[in-house]
Amino acid sequence: MAQLREKIGYALGDAAAGGITWKVMSIAFPLFFTNVFGLTVADTATLMLIARMFDVVTDPLMGTLADRTQSRWGTYRPWIIFGAIPFGLIFALLLYTPDFGPVGKRVWAYTLYLLMMVVYTAVNVPYGSLLGVMTEDDNEKNQFSSYRMVGAYAMGFITLLSFPYLQKLVGGTDQHQYAVLGAFFGVLAAAGTLACGLLTKERLKPVRAEKFSLKPFGDLFRNRPWVILTLIGICMNFFNGFRYAVAGYMFEYCLHGDVTISGLIINYTVFMTFGELTCMVFGGVSPVFTKWVGSKRKAFMWAAAICVATSVVFFLIPMDAAYIWLMVAIVIITSIGIGIYSPLLWSMYADVSDYATEKNGTSSTGLIFSSGTMAQKFGTAISGSLVALLLGIAGFISGTDADGQTVITITDADSVNSMIWALFSVFPAIIAGIMMGLLYLYPIKK
């Protein structure tokens, strides 16, 4: 039986990865790259696409490598412990804007972003795989997964809520603010990751393959539950990715800047914070709700249905800051669904891992969980890339002038605003609908 200390330690891992680094990368990076750093829309879209093609190779390789690691710290924990400092450091450097010209900035952004994806993979694939070796009790797996999501959403809430106030406290240019906050949050991410590695335990030993072979990769694609669950994971991260990537543009152009009500500054990070808080609460409720409806699959289906309905309703809200509290209310209800289904994905990957071990005779826990990390990065970054691409088609143009200053041009404001609004509502509704269809086909009934 795992102690509360260990569950909190496991939660700190995703507080660092999901609540700090991935949250900032999801919600701030598209706007940061185009409006602060000075990349063009095309460069931003291309960067995220290249990174995803890179992840298709590195994530499964990392999973296979982690499965075969043997050390005094266990199989997966050493990657978390020794990856913590590089994880925080590279994240901090990625939010720093060097005094380079357009070519130099492009090289810096591409190099650091790809390095960030490598170190994120090296830490987060073993972190996800850790769930498969900490306990064999299914209810305890759900609890660990729930703690993980609560940790991620609680830290996401703190990160997003504090971001505009910390920017104001730091002062100076936007570039200076992002650089200082990158260093601050980078230290927090490194500390949380290290604490996770030190506080958790590996109780089960994976049934290792004797030597490296390509057979586990072939087995993976013959594993029907894995194929369907990975597609569900990609859809889940597309849903979140569109909303987070476009939120900054929505406030900047549709609502014409921050909305201040009774001293509360509601910008795009604070706006999404209402959802983070809701996700944190309902991430904790998820195991109870799952037990009530009878299975993870049914609970996931109900949660996805909530996301479809509320996304459609958001599209019908007038594009006016006067309706900000109605928008907040819809985001909160949407986040009830997100909070319920987020812990279920990782618990279901543990079920798929058990299924694969029983079917194939050897453990491929790291390889299977790597697909969850790959789905997270693939869905989030491709959606961010599509946001940049579609905004460019609609008439949004960004770049850097000869003096290295960021220049924004909008050729058709109505078209850009309509595209932004649809990317926050209609596109996610379609994705959540596809997710429901895939859940209907998912064969594991737990």
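Our subject is the structure that appears above.
Throughout what follows, the structure given in this document is the object of discussion. All of these numbers come straight from a predicted model, not from anything done at the bench.

Parameters and conventions
Residues numbered from 1 in each chain as written. Predicted model: local features only at pLDDT ≥ 70, side-chain atom pairs only at ≥ 80, totals over all residues. Heavy atoms only, no water. Helix = DSSP H or I, 4+ residues; strand = E, 2+ residues; numbered from the N terminus. Buried < 20%, exposed > 50% of the residue type's maximum accessible area, 1.4 Å probe, protein only. Contact = heavy atoms within 4.5 Å. Areas by Shrake-Rupley, 256 points an atom, 1.4 Å probe, with all protein chains shown as cover. Salt bridge = Lys/Arg side-chain N within 4 Å of Asp/Glu carboxyl O. Expected span 1.5 Å × (residues − 1). Bend = angle between axes of the 7 residues up to and from the residue. Axes fitted to C-alpha atoms, helices over the stretch in contact; angles between N-to-C directions. Parallel < 35°, antiparallel > 145°, perpendicular 65-115°, else oblique. Nonpolar A, V, L, I, M, F, W, Y, C, P; charged D, E, K, R; others polar. Polar contact = N/O pair within 3.5 Å; in protein donor to acceptor, adjacent residues only side chain to side chain.

### What about the overall build of the protein chain?
Part 1 of the argument: Scanning the protein chain from N- to C-terminus turns up 15 helices and 4 strands.
Part 2 of the argument: Out of the 446 residues belonging to the protein chain, those deemed buried represent 60%.
Part 3 of the argument: For the protein chain, restricting intrachain contacts to residue pairs at least 6 apart in sequence, the fraction spanning at least 24 positions comes to 82%.
Part 4 of the argument: Roughly 17200 Å² of accessible area belongs to the protein chain as shown, and the carbon and sulfur atoms make up 68% of that amount.

### Details of the pattern of salt bridges
Part 1 of the argument: Within this structure, the stated rule accounts for 4 salt bridges.
Part 2 of the argument: Across the pair Glu6 and Arg203 runs a salt bridge whose closest N-O atoms are separated by 2.7 Å. A residue pair is termed long-range when its members are at least 10 positions apart, and Glu6 in helix α1 (residues 4-27) and Arg203 in the loop between α7 (174-199) and α8 (215-221) qualify at 197 residues.
Part 3 of the argument: When its relative accessible area of 37% is taken as the criterion, Arg203 is described as partly exposed.
Part 4 of the argument: With its nearest N and O atoms 3.0 Å apart, the salt bridge here joins Arg106 to Asp43. Of the two residues, Arg106 is situated in helix α5 (residues 102-134) and Asp43 in helix α3 (residues 41-67); the sequence distance between them amounts to 63 residues.

### Points about helix α6 (residues 138-170)
Part 1 of the argument: In this model α6 runs 46 Å from its N-terminal to its C-terminal C-alpha over 33 residues, within 8% of the 48 Å that 1.5 Å per residue would give.
Part 2 of the argument: Along its length, α6 reaches its greatest deviation from straightness, about 45°, at Phe163, and the proline Pro164 lies no more than four positions downstream.
Part 3 of the argument: Among the residues trailing α6, Gly171 stands out with phi positive, at a value near 70°.

### A closer look at the side chain of Thr97
Part 1 of the argument: Here Thr97 is to be found in the loop between α4 (77-94) and α5.
Part 2 of the argument: Classification of Thr97 as buried rests on a relative accessible area of 9%.
Part 3 of the argument: What Thr97 contacts, discounting residues up to four positions off in sequence, is Phe32, Phe37, Lys105 and Gln175.

### A few points about the environment of Val387
Part 1 of the argument: For Val387, the position within the fold is in helix α13 (residues 365-394).
Part 2 of the argument: Remark: the alpha-carbon pair of Val387 and Ile420, spanning 33 residues in sequence, is separated by 8.2 Å.
Part 3 of the argument: With residues near it in sequence (within four places) discarded, Val387 still touches Phe242, Ala245, Val246, Tyr249 and Leu423.

### Concerning the packing of helix α14 (residues 413-424) against helix α15 (residues 426-441)
Part 1 of the argument: Put simply, α14 and α15 touch, their axes get as near as 3 Å, and they point 30° apart. Between α14 and α15, the angle falls in the class roughly parallel. Of α15, the residues touching α14 (which contributes Ala422, Leu423 and Phe424) are Val426, Phe427 and Pro428.
Part 2 of the argument: Counted by class, the contact of α14 with α15 contains 6 nonpolar, no polar and no charged residues.

### Considering the packing of α1 against helix α9 (residues 224-254)
Part 1 of the argument: Between α1 and α9, the least distance of the axes is 7 Å, while the angle of their chain directions is 60°. The angle between α1 and α9 places the two elements in the oblique class. Each of Lys23, Ser26 and Ile27 in α1 lies in contact with α9, whose residues at this interface are Tyr244, Ala245 and Ala247.
Part 2 of the argument: Taken together, the residues of the contact of α1 with α9 break down into 4 nonpolar, 1 polar and 1 charged.

### So, the environment of Pro78
Part 1 of the argument: Structurally, Pro78 can be placed in helix α4.
Part 2 of the argument: On the basis of relative accessibility, which here comes to 10%, the residue Pro78 falls in the buried class.
Part 3 of the argument: Along the backbone, Pro78 and Ala66 are 12 residues apart, and their C-alpha atoms lie at a distance of 9.4 Å.

### Some points on the side chain of Thr69
Part 1 of the argument: Mapped onto the secondary structure, Thr69 falls in the loop between α3 and α4.
Part 2 of the argument: On the basis of relative accessibility, which here comes to 15%, the residue Thr69 falls in the buried class.
Part 3 of the argument: Within the structure, Thr69 has its side chain in polar contact with the side chain of Trp79 (distance 3.0 Å).

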